[in-house]
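Structural overview
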Amino acid sequence: MIPAGLSFPFPQKRGDMRLVEITDLTVSFPQADGIVQAVRGASFHVDEGESVGIVGESGSGKSVTCMAALRLLRQPPARITATTMTLDGINMLAADRKTLAGVRGRVAAMVFQDPMTAFDPAYTIGAQIVETIRAHREVSKAEARREAEGLLAKVEIRTPGAVLDSYPHQLSGGMLQRAMIAMALSCQPRILIADEPTTALDVTVQAQILQLIKGLQDELGMGLVMVTHDLGVIAETVDRVVVMYGGRVMEEAPVAAIFDDAKHPYTRALMASMPGQVGGRRRLTEIPGSSPNPADPPGGCPFHPRCGEADARCAVEMPPVVVTGEASRAACWRLT
Amino acid sequence: MTAPALELRGLTKDFLLPGSGWWGKPRTVHAVRAVDLVLPRNAIVGLVGESGSGKTTTGMVALRLSEPTGGQILLDGTDITTLDSVALKPFRRKLQVVFQDSYSALDPMLTLAQIVAEPLHIHGIGTAKEQAEQARHWLERVGLHASYANRYPHELSGGQRQRVAIARALILKPTVLIADEPTSALDVSVKAQIINLLQDLQAEMGLSILFISHDLSVVRSLTDTVAVMFNGRIVEQAPTEAIFTDARHPYTRSLLDAVPVMNPRDRRHRTFQTRAELEAATPRLSAAALGLAPDATARLVRVGADHLVEAILT
Amino acid sequence: MIGFIIRRLLSISVTFIIVSILIFTMMHAIPGGPFDGGEMPLPPEVRAKMMAQFGLDQPVWVQYLKYMSGVIRLDFGVPFQSPGETMFSLLADAWVPSLVLGGLGVLIGAPLGILLGIAAALHRNSWIDYLASGVATLGLTVPVFVTSMLLILIFAVWLNWFPASGWGDPINWVLPIAAYATIPMATYARYTRSAMLDTLNKPFVTVLRAKGLPENKIIYGHVLRNSAIPMVTVFLPMFIGTATGSIFVEAMFRVPGLGSYFVSSIRTRDYPLEMALMLMLTVMFCVAYLLSDIAYALLNPRIRYGDRKG
């Protein structure tokens, strides 16, 4: 599982089942003219070796949730509350600076959307990977560089030595995203959070990167959180799906159940509106209206203004979470 | 026989890039290389490809927003390639565009009614009152209630802004609409709305749309014909379903293969070809079987009724 | 890059010619001449003789061409105020106080400003930020002669710590340099703050945090370096720009520098001296911009190493 010639001096502990545990997370940003409620009581968990997809549209709170989990939001202005927020058992709500720096990159690493802006343009790729390794482990520069080269080979870069000495602007988006993944893996994290890792990439490159992430996750036994707006990415990569909308979790289920038998009207409408599922030019099933404004969310269920099945109660009261299957739950009055 | 709504003949566009490094020489990039494309009347043609394929440049040159290096642009059978800005103005009415990022394309200081009426104003069509009325009519036609007339772009969601951009493009009743990734920045739940709107308006107005996109799923639901661009060339062109079920060019096949499958039970391991491998994989067809003369240079060859593939004839 | 430098040198030459024409015509468009007015007007025939001697009776464009052909040979003409000297010998002495004043002012003011800017950016929207921004705004909005007067009032008149004017002794330097340093300090504070905030908001900073790099390494290893790239490009032009600001300071503290010549040359219509000063400033600006562009290229790997996408 580790490239030949590499050794990681600190074997990571295995055994704790729950890698991510988030309960009742709220994230808000006070503004001059009100409060933007980005996340309004989201809960989910990721177990060891499991891949969980968080799917949602812009403003659903999916990215903010991940940023909050790693405490990457500036506080203030951000306000984060939760009943629990742990990564590999470490309480992230109470973590001090030192703990945070130890968790980030080592316990949980992150891959971001736009690889073109994710690297510091003033340093080579190699320097940035070496820096990551040396931030967490006491190894010599030469040793770290050898490891970095091995990591680049691991993410299927054919000329790791050349990429190591390249500046970010000299590489293509696909190559940079591979390097970003290599950097994320450099300290053998237990959790990999990928926030729209392929959205900025071309179709063929997207498929390659998804396959790479999935393969590495299986091989290294990491927990994977795949944040995306694209149901196709979900279908290709994850075991379990968390559907977010308007800062809330609408539905959660194993991936097959989501695609075969979604319970929540929003998930079903989203599936139905996907273009290109059948051949021939045709009108699509559309969802009327647009996503809620996080500065002024609708009362009750955030989806009710666009929901074909909503009634008076949906507009007033947030529906309870209903267990819909062995590992499935959904928040809808229709299911109660 | 009437002329097609828009026809590109041997369209070519080179860019000169400044050299890099201390002693760098300027270099030429062949963004679009001898593209032939017909946009028939009353049809939607998809132009698909990845970044750097030349699809956006093709659109910009066809709009005369960028000057071609070579080739011809025919609008309604008239060659508009070399018309100056005065002579071009009446043709601009017939050739309109919608971009991906409608926020930067809408003047933030104008109300939606003013934005939509602006083309009428520029072309001096109707009185101020008639223009305002038309604008309101078009706002409603693209699904925005008349009460939106006095709002400003920043008050709208992405989908609503794209509706405004479409209304502004269509108020002059053009024959051709070039839509460059108009749904790419939109939320999944809103994308379908805009796709439906474009289909409805196309059918009602008998419009011809050149739909430039990297999103094969959208292209499948929206277009009648698809042209696939790779390295500045069209490598395959066919009726949409033929592209999706019977692709002949290796690049088209690699594109289709990369599209995520919307069924978690159909997950599979993919093998990928490098760009160089795809460039070298130009199909070889038997000239004799097609009744054509052998040709060692790759060119578009007709392999079915409306199915063209770039190939070498042996 | 070499091509770029050659192009820049050409455009500098064009700028130089345009600026020289503008200054020359503007100077001559102002009514009156060097031998007019005063309490004792010259007799007309003497005046005409003087005008002819200095070539001032010829058409402006002839005067311009004659002057410029001299400039090419580094001959800036004869200053009217002291015809016995060359322009170089006259200005040579004046350079020293100006250079000391401007140089020390920038060398003291700029680092202070940079520190203020960094502190403000790192403590965005805290009292440190407000204090630093307040100081910077004051430094930019209060005219330097007001600052000078305040300094004289407080430290020379009331406290009597430093002399109010003069230049001979280094103790004389303190107040003018302090007055003058407020300009680069304020400019740099504002510029550093916005460059730092700009960099702090870049996605790669979030990536650096997400990979567990300690905050001080993020700031000093990455953010500062990236903010420095745009800051270097404004340093030299700002240096020259502040040099012109020293005119007022020199006047307030009676420093025998270039500024005093500048003022007197305008008052006495000393065309050659005015031209020489203006042209020197122009050349300095142009060269400063060229040097800062080269510095930018050296700092920015995007320019240092070409694209080789792969």
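Residues numbered from 1 in each chain as written. Chains lettered and ligands numbered in written order. Predicted model: local features only at pLDDT ≥ 70, side-chain atom pairs only at ≥ 80, totals over all residues.

The subject of this paragraph is the overall build of chain B. The helix and strand inventory of chain B stands at 12 helices and 13 strands. In terms of overall dimensions, chain B is globule-like: its C-alpha atoms have a radius of gyration of 21 Å, near the 20 Å expected for 314 residues. Summarising its shape, the C-alpha atoms of chain B cover approximately 65 × 55 × 55 Å along the three principal directions. When the 314 residues of chain B are sorted by exposure, 45% land in the buried category. Residue pairs in contact within chain B that sit at least 24 positions apart in sequence constitute 65% of those at least 6 positions apart. (Helix = DSSP H or I, 4+ residues; strand = E, 2+ residues; numbered from the N terminus. Rg over C-alpha atoms; globule rule 2.2 N^0.38 Å. Buried ≥ 20, exposed ≤ 12 C-beta atoms within 10 Å, placed from the backbone. Contact = placed C-beta atoms within 7 Å.)

A few words on the overall build of chain C. Of the regular secondary structure elements, chain C holds 12 helices and zero strands. Scanning chain C from its N terminus toward the C terminus, one meets helices and strands in the order α-α-α-α-α-α-α-α-α-α-α-α. Within chain C, buried positions represent 29% of all 310 residues. If you take every contact in chain C between residues at least 6 apart in sequence, the share linking residues at least 24 apart comes to 74%.

All right, on to the sheet that holds strand β1 (residues 6–17) of chain B then. The strands making up a sheet associate through backbone hydrogen bonding, with each pair oriented either parallel or antiparallel. Residue and element names in this part refer to chain B. Strands sit in the order β2-β1-β4-β5 across an open sheet of four strands; the sheet is antiparallel. Only two strands of the sheet have a single neighbouring strand rather than two, namely β2 (27–39) and β5 (78–79). As paired strands, β1 and β2 are joined by nine bridges and run antiparallel to one another. What sits directly across from Lys-13, in β2, is Val-32. Lying over the sheet, helix α1 (residues 55–62) contacts β1, β2 and β4 (70–75), oriented at roughly 110 degrees with respect to β1. (Pairing = 2+ DSSP bridges. Axes fitted to C-alpha atoms, helices over the stretch in contact; angles between N-to-C directions.)

Attention now moves to the packing of helix α4 (residues 112–122) of chain B against helix α6 (residues 158–170) of chain B. Residues and elements named next belong to chain B. Between α4 and α6, whose axes approach to 7 Å, the crossing angle comes to 30 degrees. Taken together, the axes of α4 and α6 are roughly parallel relative to one another. The two elements α4 and α6 cross, and the hand of that crossing is right-handed. Facing α4, whose interface residues are Leu-112, Ile-115, Val-116, Glu-118 and Pro-119, α6 presents Val-164, Ala-167 and Arg-168. (Parallel < 35°, antiparallel > 145°, perpendicular 65-115°, else oblique. Left-handed = near helix turned anticlockwise from the far one by under 90°.)

This paragraph deals with the environment of C:Phe204. Mapped onto the elements of the fold, C:Phe204 is located in helix α8 (residues 203–210). In the structure, C:Phe204 is positioned 18 residues away from C:His222 in sequence and 9.4 Å away in space, judged by C-alpha atoms.

It is worth spelling out the interface of chain B and chain A at this point. Tallying the contact residues gives 40 residues for chain B and 35 residues for chain A. Put simply, the parts of the chain that give the side of chain B that touches chain A at least two residues each are α6, α7 (188–205), α8 (216–222), α9 (240–245) and α10 (250–258) of chain B. If one sorts the elements of the side of chain B that touches chain A by residue count, α7(B) sits on top with nine residues.

Residue and element names in this part refer to chain B. Of all five residues making up strand β7 (residues 176–180), five are buried, and the element is well covered by its neighbours. Burial of β7 is two-sided: the residues Val-176, Ile-178 and Asp-180 facing one way and the residues Leu-177 and Ala-179 facing the other way are all buried. Pairing analysis gives four bridges linking strand β6 (residues 95–98) to β7, with the strands arranged parallel. The residue of β7 that forms the bridge with Gln-96 is Leu-177. Looking at chain direction, β7 and strand β8 (residues 208–213) are connected through five bridges and run parallel. Each bridged residue has a counterpart across the sheet, and for Ile-178 the counterpart in β8 is Leu-210. Note on the crossover from β7 through α7 to β8: the handedness is right-handed. (Right-handed = clockwise from strand over helix to strand, strands pointing away.)

Moving on, we come to the sheet that holds strand β11 (residues 248–254) of chain A. All names here are of chain A. The sheet built from eight strands is open, its strands ordered β7-β8-β9-β3-β10-β11-β13-β12 with mixed pairing. This sheet does not close on itself; its edge strands, each paired only once, are β7 (108–111) and β12 (321–325). On average, each strand axis in the sheet is tilted by 20 degrees relative to the strand beside it, whichever way the strands run. Across six bridges, the pairing between strand β10 (residues 240–245) and β11 is antiparallel. Across the sheet, the residue bridging to Val-241 is Ala-253, located in β11.

So, on to the nonpolar core. Ranked by internal contacts, the top residues of the largest apolar core, which has 191 residues, are A:Ile191, A:Val225, B:Val116, B:Leu139, B:Leu210, B:Phe211 and B:Val228. Of the residues forming this core, the biggest block, nine residues, is contributed by helix α7 (residues 173–185) of chain A. Within the second largest apolar cluster, 32 residues are counted, among which are C:Ala120, C:Trp173, C:Met185 and C:Ala186. (Core = buried A, V, L, I, M, F, W, Y, C linked by C-beta atoms within 7 Å.)

Further remarks concern unusual backbone geometry. Residues and elements named next belong to chain A. Omega for the bond connecting Gln-75 with Pro-76 falls within 30 degrees of zero, at -15 degrees, which places this linkage in the cis form. Position of Pro-76 among the secondary structure elements: in the loop between α1 (62–69) and β4 (79–81). That bond from Pro-76 to Pro-77 is cis: its omega, 10 degrees, falls within 30 degrees of zero.

With that settled, the discussion passes to the pairing of strand β13 (residues 328–331) of chain A. Residues and elements named next belong to chain A. Relative to β13, β11 is paired through two bridges, and the arrangement is antiparallel. Directly across from Glu-252, in β13, lies its bridge partner Arg-329. As paired elements, β12 and β13 share four bridges and run antiparallel to each other. Across the sheet, the residue bridging to Val-323 is Arg-329, located in β13. Linking β12 back to β13 in an antiparallel pair, the connection comprises two residues.

Bringing the environment of A:Gln128 into the picture now. Residue and element names in this part refer to chain A. Locating Gln-128 in the fold gives a position in helix α4 (residues 125–136). Separated by 110 residues in sequence, Gln-128 and Arg-18 place their C-alpha atoms 30 Å apart. Contacts of Gln-128, omitting those with residues within four sequence positions, involve Phe-119, Asp-120, Tyr-123 and Met-183.

Another point: the environment of B:Arg284. Residue and element names in this part refer to chain B. If you trace the backbone, Arg-284 turns up in strand β11 (residues 284–285). Put simply, Arg-284 and Ile-312 are 28 residues apart on the chain and 4.8 Å apart in space, counted from C-alpha to C-alpha. Apart from the residues within four sequence positions on either side, Arg-284 is in contact with Ala-311, Ile-312 and Thr-314.

Residues and elements named next belong to chain C. Put simply, helix α4 (residues 87–122) and helix α5 (residues 127–141) touch, their axes get as near as 8 Å, and they point 140 degrees apart. Like other packed secondary-structure pairs, α4 and α5 cross with a definite hand, here left-handed. Between α4 and α5, the contacting residues are Leu-116, Gly-117, Ala-119 and Ala-120 on the first element and Ile-128, Asp-129, Ala-132, Ser-133, Val-135 and Ala-136 on the second. Residue composition of the contact of α4 with α5, grouped by class: seven nonpolar, two polar and one charged. (Nonpolar A, V, L, I, M, F, W, Y, C, P; charged D, E, K, R; others polar.)

Okay, α7(B) next. An ideal rise of 1.5 Å per residue puts 26 Å on 18 residues; α7(B) measures up with 26 Å between its terminal C-alpha atoms. Every buried residue of α7(B) is listed here: B:Val188, B:Ser189, B:Val190, B:Lys191, B:Ala192, B:Gln193, B:Ile194, B:Ile195, B:Leu197, B:Leu198 and B:Gln202. In this structure, the buried side of α7(B) is in contact with α11 (265–272) of chain A together with β3 (44–48), α6, β7, β8 and α8 of chain B. B:Gly206 sits one or two positions beyond α7(B) and adopts a positive phi of about 65 degrees. (Expected span 1.5 Å × (residues − 1).)

On to the confidence of the model for chain C. All names here are of chain C. With 87% of its residues at a pLDDT of 70 or more, chain C has an overall mean of 77. Per-element mean pLDDT across chain C ranges from 60 in helix α12 (residues 301–304) up to 91 in α8. Prediction confidence for the complex, expressed as pTM and ipTM, is 0.81 and 0.85 respectively. (pLDDT = per-residue confidence, 0-100.)

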